Amino acid sequence: MPEPRILSIGSINLDVQVRAPGWPERGGAGLASDCRLAGGGKAANVAYLARRLGVPAQLIGGVGDDPMVGRLLELLRGVDADLSEVLATPGCLTGVALIMTPPDGKKLILLAPNANRAWEAEDAPRVAATVRRAPAGSIVVVDFEITVDVAAAAVEAAHVAGLRVIVDPAPASDVPPSSLSQADYVTPDAEEARQLTGITARDADNALAAARALRDRGVRTAIVKRSGGGCAVVGPDVTASIEPEPVKAIDTNGAGDAFAATLAVALLEGRSILDAARHAVAAAGLTTTRYGAQASFPDRRELEEHATRINTRP
Ligand code: RIB
């Protein structure tokens, strides 16, 4: 029997990241520091961390045919992610994320999707077929920084095949209602939750209210991430807040992807949703303590150790 795996479907980007005191005035220019070029994109980040945590992971998405690609996929090859469904679109640039981290660590991203959105509705059946071929028990993680028809088809294929599917509703404005209701878990951050429900997940009570509002919109289990760490989990037979262990956050880039990957890994390993969410909160918190996305992800030992300090509040 083939081993269950994580299928990560969504964006693959080159992250161009800098630190700066803020954006320059309109029409002006400013100086930045610490410029890094790194592999990024939500789906690539999820596949990378899943592999680092030791579970089989396949990445599904589009890249360009530019010279950046080799460098971008190097790290993923290094952790032995399955890249057989990472396809290059001729004449297209790979996605590029321009990321600025201000002194408070709350990153801002300008994304040029490029090849991520070069796939068309005609590509959806191929991606759906890949999902259907996944071994029983696999978990599918989907973000919407790619062609919406393709992402929606992946969610539907997983739902119909009886595979658990996690939807990272980013960008929230692009997620169709059908994908929200077909997902087993929907994991908005505070801003995405506000866009989807009108409720800002500032604290535990607001996050719970936003999660309940998502349930009212047909979401099976809503997991709303709070801006300062922690999350609310509301599902068919669970309502709880996961409280973060305070950390010194210097860069939030990649924290949401660390959350999604760790949630998927923990569920694949048979943990309960609350235990999985505790581990996800731990991974996201640790990721904010370092600069960059993939470069900041914790290893297994660090994750398990930090997770022991994350508490659940009913
Ligand atoms: O979630 C972080 C990721 O979002 C970055 O790596 C960037 O590429 C964007 O897709």
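Described in the following lines is the structure provided in the data block. (Residues numbered from 1 in each chain as written. Predicted model: local features only at pLDDT ≥ 70, side-chain atom pairs only at ≥ 80, totals over all residues. Heavy atoms only, no water.)

## Side note on the overall build of the protein
Item 1. If you tally the helices and strands in the protein, you get ten helices and 14 strands.
Item 2. Against the globule reference of 20 Å for 314 residues, the protein gives a C-alpha radius of gyration of 18 Å, in line with a compact fold.
Item 3. Structurally, the protein occupies a C-alpha span of about 50 × 45 × 40 Å along its principal axes.
Item 4. Looking at the protein residue by residue over its 314 residues, the buried ones come to 56%.
Item 5. The contacts in the protein between residues at least 6 apart in sequence include a share of 69% that link residues at least 24 apart.
Item 6. Across the protein, the centroid of the 32 positively charged side chains sits 4 Å from that of the 38 negatively charged ones. (Helix = DSSP H or I, 4+ residues; strand = E, 2+ residues; numbered from the N terminus. Rg over C-alpha atoms; globule rule 2.2 N^0.38 Å. Buried < 20%, exposed > 50% of the residue type's maximum accessible area, 1.4 Å probe, protein only. Contact = heavy atoms within 4.5 Å. Lys, Arg positive; Asp, Glu negative; His and termini not counted. Charge placed at Lys NZ, Arg CZ, Asp CG, Glu CD.)

## Here's the deal with the pattern of salt bridges
Item 1. Tallied over the full model, the rule gives 18 salt bridges.
Item 2. Of the charged contacts, one joins Asp34 and Arg36 as a salt bridge, the two residues approaching to 3.7 Å between their closest N and O atoms.
Item 3. The exposure class of Asp34 is partly exposed, given its relative accessible area of 35%.
Item 4. The class for Arg36 is partly exposed, based on a relative accessible area of 37%.
Item 5. Here Asp123 makes a salt bridge to Arg126, at a shortest N to O gap of 2.8 Å.
Item 6. In this structure Arg126 comes out as partly exposed when scored by relative accessible area, which is 30%.
Item 7. Taken together, the shared-partner salt bridges connect Glu269, Arg271, Asp275, Arg278, Arg300 and Glu304 into one network. (Salt bridge = Lys/Arg side-chain N within 4 Å of Asp/Glu carboxyl O.)

## Examining the pairing of strand S7 (residues 108–112)
Item 1. In the sheet, strand S6 (residues 95–101) pairs with S7 via five bridges, with the strands oriented antiparallel. Its bridge partner lying in S7, Val96 is registered against Ala112.
Item 2. Counted between consecutive antiparallel strands, the loop separating S6 from S7 contains six residues, among which Gly105 sits at a positive phi close to 85°. (Pairing = 2+ DSSP bridges.)

## Re the sheet that holds strand S14 (residues 311–313)
Across a sheet, paired strands are connected by hydrogen bonds in the backbone, their directions being either parallel or antiparallel.
Item 1. Reading across from one edge, S5-S4-S1-S8-S9-S10-S11-S12-S13-S14 is the order of the ten strands in this open sheet, with mixed pairing throughout. Sheet topology places strand S5 (82–88) and S14 at the edges, where each strand pairs with a single neighbour.
Item 2. As paired elements, strand S8 (residues 139–143) and strand S9 (residues 164–168) share five bridges and run parallel to each other. Bridge pairing in S9 places Ile139 opposite Arg164.
Item 3. Packing against the sheet, helix H3 (residues 124–132) makes contact with strand S1 (6–9), strand S4 (57–63), S5 and S8, and its axis sits at approximately 165° to S1. (Axes fitted to C-alpha atoms, helices over the stretch in contact; angles between N-to-C directions.)

## Some details on the nonpolar core
Item 1. Judged by nonpolar contacts, the single largest core of 55 residues is most densely connected at Ile6, Leu59, Leu76 and Leu263.
Item 2. When residues no more than four places from it in sequence are discounted, the contact partners of Leu263 are Ile166, Thr187, Ile223, Ile273, Ala276, Ala277 and Ala280.
Item 3. Ala124, Val140, Ala151 and Ala183 belong to the second largest nonpolar core, which has 42 residues in total. (Core = buried A, V, L, I, M, F, W, Y, C linked by side-chain atoms within 4.5 Å.)

## Comments concerning the site of the ligand
Item 1. Residues in contact with the ligand amount to 13 residues; listed here are only the nearest, Asp15, Gly41, Lys42, Glu145 and Asp257.
Item 2. Contact distances for the ligand include 2.9 Å between an oxygen atom and a side-chain N or O atom of Asn13.
Item 3. Here Asp15 contributes a side-chain N or O atom positioned 2.6 Å from an oxygen atom of the ligand.
Item 4. Alone, the ligand offers 280 Å² of accessible surface; in the complex the protein occludes 98% of this.
Item 5. When contributions to the shell around the ligand are tallied by element, the ones reaching two or more residues are strand S2 (13–19) and helix H1 (42–52).
Item 6. For the shell around the ligand, a count of residues per class yields two nonpolar, seven polar and four charged. (Near = heavy atom within 4 Å. Polar contact = N/O pair within 3.5 Å; in protein donor to acceptor, adjacent residues only side chain to side chain. Areas by Shrake-Rupley, 256 points an atom, 1.4 Å probe, with all protein chains shown as cover. Nonpolar A, V, L, I, M, F, W, Y, C, P; charged D, E, K, R; others polar.)

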